[in-house]
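# A closer look at the structure
This is what each chain is made of:
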Amino acid sequence: WPFVPRLIISIGYLTIISQQVLNVAPAINCHYSLLPRHRGRSPVPWAILSGDSMTGITWHWMLDTVDTGNILLQATAQITTATTAESLFDDLHELAAETFPSVLTMALSGVRGWSQRGAASRHPAGPPLGGKLSLLSSGEYVNRMIRAMHYPPLAPATLCGLPVRSLADFYEISSQIISNGDG
């Protein structure tokens, strides 16, 4: 390395930082959930799909295991029945920016933070369940999936490969599938 940083800062970085890099300097990450819930990739749509009423950001020390380090700071954001992945990302970006000065001071001062407590969850990379709906999905679940998948320009939720952007779309496509005997 041509220089040795005092601190490595990761925000929304989608690649796992190697242990070789983590050995160079201490590192912090801003994860878009209240860890230990929704570890890994795609925490924002998973929080909506899971029916969480609250999520937030977690600034934590980075370890060689993803999203498991001691917590420096957490800040919360509400999830309402109108919250989409797009609007929630906007809220969480603001929280990250607002809390950055405090967490930077904490990290550079050597604050160790606290260990993660509570039930951990981890989801695979990519959209929740591939963004796919079933004819058997409840209206509430369909609404959550539509909102979880609303992050243009990414693809919306689908039913049998057809885009679903509203409950009306879901019911119309469902009716067509059933009347055609494809269901």
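Note: the structure precedes this text.
Residues numbered from 1 in each chain as written. Predicted model: local features only at pLDDT ≥ 70, side-chain atom pairs only at ≥ 80, totals over all residues. Heavy atoms only, no water.

## Topic: the sheet that holds strand β3 (residues 54-61)
Sheet strands pair by backbone hydrogen bonding; their relative direction is either parallel or antiparallel. Operational definition: The pairing criterion is simple: DSSP has to find at least two bridges between the two strands. Here a helix means four or more residues in a row that DSSP labels H or I, a strand means two or more in a row labelled E, and each is numbered from the N terminus. For helices, the fitted axis covers only the stretch in contact; all axes are lines through C-alpha atoms, and the angles between them, taken along N-to-C directions, range from 0 to 180 degrees.
On the basis of which strands lie adjacent, the open sheet formed by 4 strands has the order β1-β2-β3-β4 and mixed pairing. In this open sheet, the two edge strands, each paired with only one partner strand, are β1 (8-11) and β4 (71-78). Neighbour-to-neighbour, the strand axes of this sheet turn through a mean angle of 10°, independent of strand direction. Bridge analysis of strand β2 (residues 27-31) against β3 gives 4 bridges, and the strand direction is antiparallel.

## Thoughts on helix α3 (residues 85-108)
Filter applied, for reference: Expected span of a helix: the number of residues minus one, times 1.5 Å. To get the bend at a residue, fit one axis to the 7 residues ending there and another to the 7 starting there, then take the angle between the axes. For the exposure calls, accessible area comes from a 1.4 Å probe over protein chains only, and a residue counts as buried if that area is under 20% of its type's maximum, exposed if over 50%, partly exposed in between. We call two residues contacting when some pair of their heavy atoms lies within 4.5 Å.
Here α3 is 24 residues long and its end C-alpha atoms lie 32 Å apart, about the 34 Å a rise of 1.5 Å per residue gives. Where α3 bends most, the angle comes to about 50°, and this point is Phe100, followed within four residues by the proline Pro101. For α3, the set of buried residues is Ala85, Leu88, Leu92, Leu95, Ala96, Thr99, Val103 and Ala107. Each element contacted by the buried residues of α3 is listed here: β2, α2 (43-49), β3, β4 and α4 (139-148). Just downstream of α3, Gly110 is the residue with a positive phi angle, here 85°.

## A word on the environment of Ser179
Along the chain, the position of Ser179 falls in helix α5 (residues 167-179). Between the C-alpha atoms of Ser179 and Leu154, which are 25 residues apart in sequence, the distance is 30 Å.

## Here's the deal with a negative patch on the surface
So the rule is basically this: Residues with no salt bridge and a relative accessible area higher than 30% make up the patches, which join like charges within 9 Å and nonpolar side chains (Val, Leu, Ile, Met, Phe, Trp, Tyr) within 5 Å. The method behind every accessible area is Shrake-Rupley, applied with a 1.4 Å probe, and residues are considered shielded solely by the protein chains displayed. What makes a salt bridge here is a side-chain nitrogen of Lys or Arg within 4 Å of a carboxyl oxygen of Asp or Glu, nothing more. In this charge count, Lys and Arg are treated as positive and Asp and Glu as negative; neither His nor the chain ends contribute. Lys charges are placed at NZ, Arg charges at CZ, Asp charges at CG and Glu charges at CD.
A cluster of acidic side chains, namely Glu86, Asp90, Asp91, Glu94 and Glu98, defines a negative patch on the protein surface. Within the secondary structure, Glu94 is located in helix α3.

## Side note on the side chain of Thr58
Note on placement: Thr58 falls in strand β3. Judged by relative accessible area, Thr58 falls into the buried class, the value being 0%. When residues no more than four places from it in sequence are discounted, the contact partners of Thr58 are Asn29, Cys30, His31, Ser33, Leu34, Leu35, Ile71, Leu73 and Gln74.

## Digging into the nonpolar core
Formally: Residue types Ala, Val, Leu, Ile, Met, Phe, Trp, Tyr and Cys, when buried and joined through side-chain atoms within 4.5 Å, form a set referred to as a nonpolar core.
The biggest cluster of nonpolar side chains holds 37 residues, and the ones touching the most others in it are Ile28, Ile57, Trp59, Leu92 and Leu133. Broken down by element, this core gets its largest block of residues, 7 residues, from α3. Setting aside residues up to four positions removed in sequence, Ile57 forms contacts with Cys30, His31, Tyr32, Ser33, Leu34, Leu73, Gln74, Ala75, Leu92, Leu95, Ala96 and Thr99. One finds Leu22, Ala25, Ala27 and Met62 within the second-largest nonpolar core, a separate group that totals 6 residues.

## Things to note about the layout of surface pockets
Applicable threshold: For cavity detection a 1 Å grid was placed over the protein atoms alone, and a set of points counts as a cavity when a 1.4 Å probe fits there but cannot get out; an open set counts as a pocket when protein lies on both sides within 12 Å along at least five of seven lines, with lining residues being those that have an atom within 4 Å of a point. Grid points are joined across faces, edges and corners, and a volume is the space filled by probe spheres set on the points. Following the grouping adopted for this structure description, the nonpolar residues are Ala, Val, Leu, Ile, Met, Phe, Trp, Tyr, Cys and Pro, the charged ones are Asp, Glu, Lys and Arg, and the polar ones are all others, Gly among them.
The calculated volume of the largest pocket comes to roughly 960 Å³. Lining the largest pocket are 36 residues, with Leu14, Gly40, Arg41, Ser42 and Pro43 sitting closest to its centre. Taken together, the elements giving at least two residues each to the lining of the largest pocket come down to β2, α2 and α3. Looking at the lining of the largest pocket residue by residue, the class counts come to 21 nonpolar, 13 polar and 2 charged.

## Observations concerning the pairing of β3
Here is the key point about a regular strand: its side chains alternate between the two faces of the sheet. Across the 8 residues that make up β3, a large majority, 7, are buried. Where β3 lies against β4, 7 bridges are found, and the strand directions are antiparallel. If you follow Thr58 over to β4, its bridge partner there is Gln74.

## Side note on the packing of aromatic side chains
As a reminder, the rule being used: Any two of the Phe, Tyr and Trp rings considered here, Trp counted by its six-membered ring, make a pair once their centres fall within 6.5 Å; the pair's planes then place it as stacked at under 30 degrees, edge-to-face at over 60, or tilted in between.
Taken as a whole and assessed by the stated rule, the structure comprises 4 aromatic pairs. Taking the centre distance of 5.8 Å and the plane angle of 45° together, the rings of Trp59 and Phe100 count as tilted. Residue Trp59 is found in strand β3, and its partner Phe100 is found in helix α3; the two are separated by 41 residues along the sequence. On the basis of relative accessible area, Trp59 is assigned to the buried category, the value being 0%. Relative to Tyr171, the ring of Phe170 has its centre 5.5 Å away and its plane inclined at 70°; by these criteria the two rings are edge-to-face. In this structure an aromatic cluster arises from ring pairing among Tyr32, Phe89 and Tyr151.

Spatial relationships are all this shows, so hold off on functional conclusions.
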